Amino acid sequence: MSGYYEITHTVGFEETNLVGNVYYVNYLRWQGRCREMFLKEKAPAVLEDVRDELKLFTLKVECEFFSEITAFDELSIRMRLEELTQTQVQFAFDYVQVTGGAENLVARGRQRIACMRGPNTNTVPARVPQALRDALEPYADPQVMQAGVGSA
């Protein structure tokens, strides 16, 4: 089984709706936070490149919900590399409620990003930086890394 990058989160009242369960948009926010923390911790060279001219455009985000969570639930957001092409990366996310050592998968999501370079008026697709490929390797099935030489 491939590994995953993980952040933990305690749900707050501000993340719930009037009924008391987590408002759906927060799952998407947590995907972004997980991706950001991954870059900060595992691929800081990519962050430097983003400050320069690399752009990471989010092309697609999705989330499928299996059960409700509420305020003060402990959550583990686990990110894996699902697909890698020359210019794009697709992540898979598992949202796992952790209660007293027991785990319950409450949602599953995906996020696809494209690497681009150039000024805002003239961005063009760019190869996924090697530093990002290297950082993602432990979180992917070996077949995904080999497939990362295709086009897109």
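Residues numbered from 1 in each chain as written. Predicted model: local features only at pLDDT ≥ 70, side-chain atom pairs only at ≥ 80, totals over all residues. Heavy atoms only, no water.

K.L.:
I tried to follow helix H1 (residues 25-42) on my own but got confused; where do I start?
P.N.:
Along an α-helix, residues three or four apart share an orientation, since each turn contains 3.6 residues. The terminal C-alpha atoms of H1, which comprises 18 residues, lie 26 Å apart, in line with the 26 Å expected from a rise of 1.5 Å per residue. By the burial criterion, the buried members of H1 are Asn26, Tyr27, Trp30, Gln31, Gly32, Cys34, Arg35, Met37, Phe38 and Leu39. (Helix = DSSP H or I, 4+ residues; strand = E, 2+ residues; numbered from the N terminus. Expected span 1.5 Å × (residues − 1). Buried < 20%, exposed > 50% of the residue type's maximum accessible area, 1.4 Å probe, protein only.)

K.L.:
I would appreciate a short explanation of the side chain of Thr16 in the present structure.
P.N.:
Inspection of the secondary structure puts Thr16 in the loop between strand E1 (5-10) and H1. Reaching out from Thr16, the side chain makes a polar contact with the backbone oxygen of Phe13 at a distance of 2.7 Å. Once residues within four sequence positions are removed from consideration, Thr16 is found in contact with Val11, Asn21, Val22, Tyr23, Thr70 and Ala71. (Polar contact = N/O pair within 3.5 Å; in protein donor to acceptor, adjacent residues only side chain to side chain. Contact = heavy atoms within 4.5 Å.)

K.L.:
Explain the pairing of strand E5 (residues 102-117) to me, please; I cannot follow it from the model alone.
P.N.:
Working note: regular strand, side chains alternate between the two faces of the sheet. Here ten bridges tie strand E2 (residues 55-65) to E5, and the two strands are oriented antiparallel to one another. Paired with Lys60 across the two strands is Arg112, which belongs to E5. With twelve bridges connecting them, strand E4 (residues 88-99) and E5 associate as antiparallel partners. Looking at E5, one finds that Gln90 is bridged to Arg112. With antiparallel pairing between neighbouring strands as the criterion, E4 and E5 make up a hairpin whose turn holds two residues, including Gly100 at a positive phi of roughly 55 degrees. Pairing of E5 with strand E6 (residues 124-125), which is carried by two bridges, proceeds in the antiparallel orientation. Residue Arg117 lies in a different strand from E6, and its bridge partner there is Val124. Between E5 and E6, which pair antiparallel one after the other, the connecting turn spans six residues, and Gly118 there sits at a positive phi close to 115 degrees. (Pairing = 2+ DSSP bridges.)

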